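Spelled out from the first residue to the last, the chains are:
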Amino acid sequence: MTRFLPRTAPPIRAGGLVAATALLLAAAPHTVASAAPTAAAPVVALGGPAETALHPYAEGGDGPKRSTARITVTGADDTAYEGGFTVTFDLTGAAGIADVAFEPEAGIECAATAPGSATCTGHGISPGRSTVTDLLLTAAKGSEQGDTGTIRVTGEAEGTAFTPFTTEVTVGGPDLVMHRLPFDHEPVPGQKQQAPITFTNRGSRAADGVVLTLRHSRGLDIPQRYSNCAYTTDEAWTTARCTVEGAFEAGATYTLAAPLTLKTTDRAYRDIFGYGIHEAGAAGTVRGATAARAARGTTGEVLRAVPAPRPMAARALDLEPGDNEHEADFRTENTADFVAYGDTASGQAGATVTARLGFRNDGPAWIGHLRSGESVAAVDFTVPQGAAVTSAPEECRGVSAEGTALPSGWTGPAPRYVCPTPATVRDDGGLDLSFGLRIDKVLLGAVGRVVVRGPEPRAAGLPFDPEPGNNTARVVLNGESGGPSPAPSDGPGDGASGTPGSATPTPTTGGAGTGAGGTVAPGAAQNTATGNGGSLAATGSSTAMAASGLAVTALTAGLVLFTAARRRRRA
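Cut-offs used in this document
- Residues numbered from 1 in each chain as written.
- Predicted model: local features only at pLDDT ≥ 70, side-chain atom pairs only at ≥ 80, totals over all residues.
- Heavy atoms only, no water.
- Helix = DSSP H or I, 4+ residues; strand = E, 2+ residues; numbered from the N terminus.
- Areas by Shrake-Rupley, 256 points an atom, 1.4 Å probe, with all protein chains shown as cover.
- Pairing = 2+ DSSP bridges.
- Axes fitted to C-alpha atoms, helices over the stretch in contact; angles between N-to-C directions.
- Phe/Tyr/Trp six-rings, centres within 6.5 Å; stacked < 30°, edge-to-face > 60°.
- Buried < 20%, exposed > 50% of the residue type's maximum accessible area, 1.4 Å probe, protein only.
- Disulfide = S-S within 2.5 Å.

Here we come to the overall build of the protein chain. Along the backbone of the protein chain there are one helix and 43 strands. As displayed, the protein chain offers around 25,200 Å² of accessible surface, 50% of which is attributable to carbon and sulfur atoms.

Here it is, written out as structure tokens:
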């Protein structure tokens, strides 16, 4: 079988690409369901863009401009298929509309098998999504604006069932290109910046309505709301999707009548603002996209389009979806005070008590590693002497007393645990952890250390934290009075070093713990707590530190859109 290589292989005459909104979806593969295969057969799904837009055919120059549709296969999450497979492309539905060539993934071969048909063959399908081939699509000679066709993709392999996939291709379409805004990327809390959202349609036809999408992280805010915008919020983001009706003509530029106001709030630290424009479908949503559940604005003006005072320069036609949106990163000089808390508990030998520990963010900033997704910090807990961990949070891993990996084959409780935070920690949030501790030997005032530090021991500091002195706390078992314990001392075990230390406990007589009134009766366990800074938080069945969330401020999406005059060649 002849390998079908890009640039050298003759194109297969097939069909065209779909209209404008494929720009959004080229990066978001979509699968089409089909009749269910036999229940016993493992199922893999073929996928790709639901629709793709193609530049109209043009004679001369460098030849037709090419668009790409990536065809993927998604295997079962837990098992790999080891045998050979064949993916077949039926191109007859796009005949005379698009010319198709193939750029297969390494290890896969593609070739024409008959007029209007081609196959790609390979061996082995890994769990998750992988690429079969990129379809290299150009408008066929003789095709016209608006011509639409389909390419049907099926697959077969011994003992495996494939769900087929169909992608639509259309000649021509809008090309909405968002202009980049000139922000001050190092603002201060309270600073306001104007955001005059501007975009151009550089495509070959008008866009039938648009959806303006604005997305900002927790440290930013846009004050106003609009009635034709839908708003969603989560732990880190606020998103507004604003539907604007009308025809947005090819060659025209549009801008807001008055710019948005992007405010840097008191909780800002490392933040992102994203802004994008896409064609709307008949229902006022991005073509091919699934509408998200969102709260719709009930007050404010409705976005509308009016002629802009003057046109703006346009580049050559570009159907790349990357032009539709931009993101701006902001670095704000701010601080966040991470305050560790621990616990106290008492019990006799053999009793199991609960230690609640962690930290809270006293702000003012929220901290988020939005780009890398890495943990913001880690809670490092050294277990008090005489106790053993019976239960630990799932995200925590046991390490040696020195903080190194445990020996291979280790199955028992660890002397120390490291618990990473998520990639975002809100102001007034934190990390609350619960450990079960079995008291194997009653030692008077056995002390464990809690340290909130950087996610890696070699970078234990928290550069945003202005008060490292409260980054440590203690877990005390069978304290002398059963009440509040002193704050942790400075030294080798302090929060700056990130290396928890331990105090030397005093053995008790009679094997019983000492509580508020002296000894604890056999079979009894007592939990007591203290409160602020590096001291201890509530224990027992009460929650140590409730992580509350401020509702993210609603986003302003719209403002009146202006239409720029279309650039036309005049006689």
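To continue, consider the sheet that holds strand S14 (residues 192–195). Pairing is antiparallel across the open sheet formed by three strands, whose spatial order is S14-S21-S17. Both outer strands of the open sheet, S14 and strand S17 (220–221), are each paired with one neighbouring strand and no more. Note that S14 and strand S21 (residues 260–264) share four bridges and pair antiparallel. Bridge pairing in S21 links Lys-192 to Lys-263.

Across the sheet, four strands lie side by side as S26-S28-S35-S31; this open sheet has antiparallel pairing. Two strands close off the open sheet at either side, each with one partner strand: strand S26 (336–341) and strand S31 (387–391). The mean inter-strand angle of the sheet, taken between neighbouring strand axes irrespective of direction, is 30°. The sheet contact formed by S31 and strand S35 (residues 430–439) spans four bridges and is antiparallel. If you follow Val-389 over to S35, its bridge partner there is Leu-437.

Applying the stated criterion across every chain, the model contains 13 aromatic pairs. When the centroid spacing of 5.3 Å and the interplanar angle of 20° are considered together, the rings of Phe-199 and Tyr-254 count as stacked. Of the two residues, Phe-199 is situated in strand S15 (residues 198–201) and Tyr-254 in strand S20 (residues 253–256); the sequence distance between them amounts to 55 residues. Looking at Tyr-254, the relative accessible area reads 2%, which means it is buried. Their ring planes at 70° and their centres at 4.8 Å tell us that Phe-248 and Tyr-254 sit as a pair that is edge-to-face. Relative accessible area serves as the criterion here: at 0%, Phe-248 is assigned to the buried category.

Bringing the pairing of strand S6 (residues 98–104) into the picture now. In terms of burial, S6 is largely enclosed, as six of its seven residues are buried. Both S6 and strand S9 (residues 128–139) contribute to a ladder of seven bridges, which runs antiparallel. Along S9, the bridge assignment pairs Ala-98 with Ala-139.

To continue, consider the state of the cysteines. Applying the stated rule across the entire model yields three disulfides. When the cysteines of the protein chain that form disulfides are numbered from the N-terminus onward, they connect as 1-2, 3-4, 5-6.

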